[in-house]
Amino acid sequence: MKYRQQDRQTTTQIKPRLIIHGGAGNITPEKLGPEKYEQYRHALLTIVSKTDVYMRTPVPSDDKVAYHSAGPKYPSALDAATYAVTLLENNPLFNSAHGAVFTRDGINELDSSVMVSRGYAKRGVGLTGLRRVKNPILLAKAMLEHGDADLGKMAKSGLAQPDLESTGLDVPSAQGHTLIHGETAETLAQMYGLELVDPKYFFTQNRWDEHVRALEKEKAGKGLATWSADEYLPQGTCGAVALDTDGVVCAATSTGGMTNKLTGRIGDTPVVGAGFWAEEWAEESNPSDAYAGPAVDGWQSLRTQLGLPGPLVQLSSNLRNFVADCIPTPFVYSPVAQTSEGRRGLIDLGLRTTRSIALSGTGNGDSFLRVAATRTVGSIARWGQLPAADALRHVAGRGGDLEKSAGDRWGKTGEGEGGMIGIESIVSRDLSGRVISVSSAILQDHNCGGMFRAWIDDNGKAAMRIFHPDSKQRRRNEADAFEDEEKLEDVWRWSVDTA
């Protein structure tokens, strides 16, 4: 399925959005320190700013593609999200590609994935057990892009392999597969013309030292080789979520996995619905109707959808208004609730409202797998008719499903730790397909000490944060070391820097 660019001169334009992350876990100011904090801050702001400039730069038109107008074409959500992740993969600060962690056997095994809300037949794909692909996210992108031809049995161009290194494997294409492992995946990378490197490329001294130090501690009976209460051992990922001018959202994720994982272990990153998710659906009613009230109404709706007995506790209108003022909803769907006549008028006008969401997770992958974390967020948002921010908090926030999945092991093994980033978008179109109204929101939450993330805000400014906004943790005698948390920055300043 393909989608065509709209005439941007006569329609309400969809504003591109972007958020990235570089991992989550038991990260605290004390463990990180001012110097390391500044390194992460610099890298995150540079990468998110460079990607923002990339997203807003028109690309050369393709004469083979017909559009409604001769207006400029901009990078797709898939292009933007994978562009950002490529920059993260090339930076040794982050646990993916060049900065990947080691298995217990001292091997780098990489995973990646992408998923779009629409536009490609496969929608989402994952790769795992990669050892030679320089940028795993580009392999996921290529596999998704070739998916339409693969599924249509038209895989001819780009799949000839006269000069390929012989592996003894019969790999004519990715066929209809969604998740591919190891040598087969790397054979596809050769077919697609992607760069393969010597495994030594992925070595970094910092990750090797973490690997050895953790194994020695475990051998001495001083803890686990995969998680430490005393230091941050990466067990997360890096990722990006983007919204493009055609209303498509994309999640792209890449990782080296968990520090000192078993060789051959597969985490959540390449698994659809666990470490990543994207979807789009048509709302059956005007969004003003479904989301005019506070979140408690969404929970009542979810109970109704699931056929659960008994009403929720009902608050008086005055008390409801008081609670809403004290705990504002992070995502506002409509500033004014529509009357029944207004809603009927919108229906009479033939407006069609679609809602989309894309999510990238980071943290303890085994826990994400156990609760199908990202798909669960999407299901709560869709079927419970809740703002995605509330749905995300229910799963990845403090006290949410991820944390509960660890049981009494919470805070002792690294289980349940993690967070998510995402974007939610609501678009209303008329019968001709013209965009009439648009709203979107950046999503982010985590249940652990910190999550490296950066985003472009509503006004086009770059922001980054590692810790919770309400975190009271600060290093003694260095109270101002982290004062730049969420400080708004000019994109142009950082986009010319090097990450």
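Treat the numbers as computed from the prediction; the structure is a model and nothing was measured.

### So, the overall build of the protein chain
- In terms of helices and strands, the protein chain carries 14 helices and 12 strands.
- Out of the 499 residues in the protein chain, the part that is buried amounts to 50%.
- Put simply, 74% of the contacts in the protein chain that link residues at least 6 apart link residues at least 24 apart.
- In the structure as shown, the protein chain presents an accessible area of about 22000 Å², 51% of it carried by carbon and sulfur atoms.

### A look at unusual backbone geometry
- Despite not being glycine, A372 shows a phi value in the positive range, around 45 degrees.
- Locating A372 in the fold gives a position in the loop between α10 (365-370) and α11 (373-383).

### Observations concerning helix α2 (residues 77-89)
- In a regular helix each residue adds 1.5 Å, so 13 residues correspond to 18 Å; α2 covers 18 Å between its end C-alpha atoms and thus fits that length.
- For α2, a buried count of 10 out of 13 residues is recorded, marking the element as mostly surrounded by other parts of the structure.
- Buried within α2 are the following residues: A77, L78, A80, A81, T82, A84, V85, T86, L88 and E89.
- Those residues of α2 hidden inside the fold are in contact with β1 (17-25), α1 (29-55), β2 (110-116), α3 (136-151), β5 (238-243) and β6 (249-255).

### Looking at the pattern of salt bridges
- The tally for this structure, following the rule as stated, stands at 26 salt bridges.
- In this structure, the salt-bridge partner of E218 is R104, at a minimum N-O distance of 2.7 Å. With E218 in helix α5 (residues 205-219) and R104 in the loop between α2 and β2, this pair connects stretches of sequence that are 114 residues apart.
- Looking at R104, the relative accessible area reads 33%, which means it is partly exposed.
- Across the pair E279 and R382 runs a salt bridge, and its minimum N-O distance is 3.1 Å. Here R382 lies in helix α11 and E279 lies in strand β7 (residues 276-282), a separation of 103 residues in the sequence.
- Residue classification places E279 among the buried positions, given a relative accessible area of 4%.

### Re α3
- A rise of 1.5 Å per residue sets the reference length of α3, with its 16 residues, at 22 Å; its end C-alpha atoms lie 22 Å apart and thus fit the reference within 8%.
- Of all the bends in α3, the largest measures some 35 degrees and sits at E145.
- Turning to α3, its buried residues number three or more, namely P136, I137, L139, A140, K141, A142, M143, L144, G147 and D150.
- The inward-facing, buried residues of α3 abut α2, β2, β3 (124-130), β4 (179-181), α4 (182-191) and β6.

### Focus on the nonpolar core
- Formed by 64 residues in total, the largest nonpolar core has its most connected members in I20, F94, L139 and I466.
- Considering every element that reaches this core, the biggest residue donor is α1, with nine residues.
- With residues near it in sequence (within four places) discarded, F94 still touches G22, Y40, A43, L44, I47, L88, G99, A100, R207 and C238.
- Counting 21 residues, the second-largest nonpolar core is a separate cluster that includes V249, I423, V427 and A463.

### A word on the confidence of the model for the protein chain
- Per-residue confidence for the protein chain gives a mean pLDDT of 83; residues scoring 70 or more make up 77%.
- Scored below 50 in pLDDT, residues 158-162 shows nine contacts in the model against residues more than four places distant or in partner chains.
- Predicted confidence for residues 473-478 stays below pLDDT 50, and this span has 11 contacts to residues more than four positions away or in other chains.

Reading the values: the criteria
Residues numbered from 1 in each chain as written. Predicted model: local features only at pLDDT ≥ 70, side-chain atom pairs only at ≥ 80, totals over all residues. Heavy atoms only, no water. Helix = DSSP H or I, 4+ residues; strand = E, 2+ residues; numbered from the N terminus. Buried < 20%, exposed > 50% of the residue type's maximum accessible area, 1.4 Å probe, protein only. Contact = heavy atoms within 4.5 Å. Areas by Shrake-Rupley, 256 points an atom, 1.4 Å probe, with all protein chains shown as cover. Expected span 1.5 Å × (residues − 1). Salt bridge = Lys/Arg side-chain N within 4 Å of Asp/Glu carboxyl O. Bend = angle between axes of the 7 residues up to and from the residue. Core = buried A, V, L, I, M, F, W, Y, C linked by side-chain atoms within 4.5 Å. pLDDT = per-residue confidence, 0-100.

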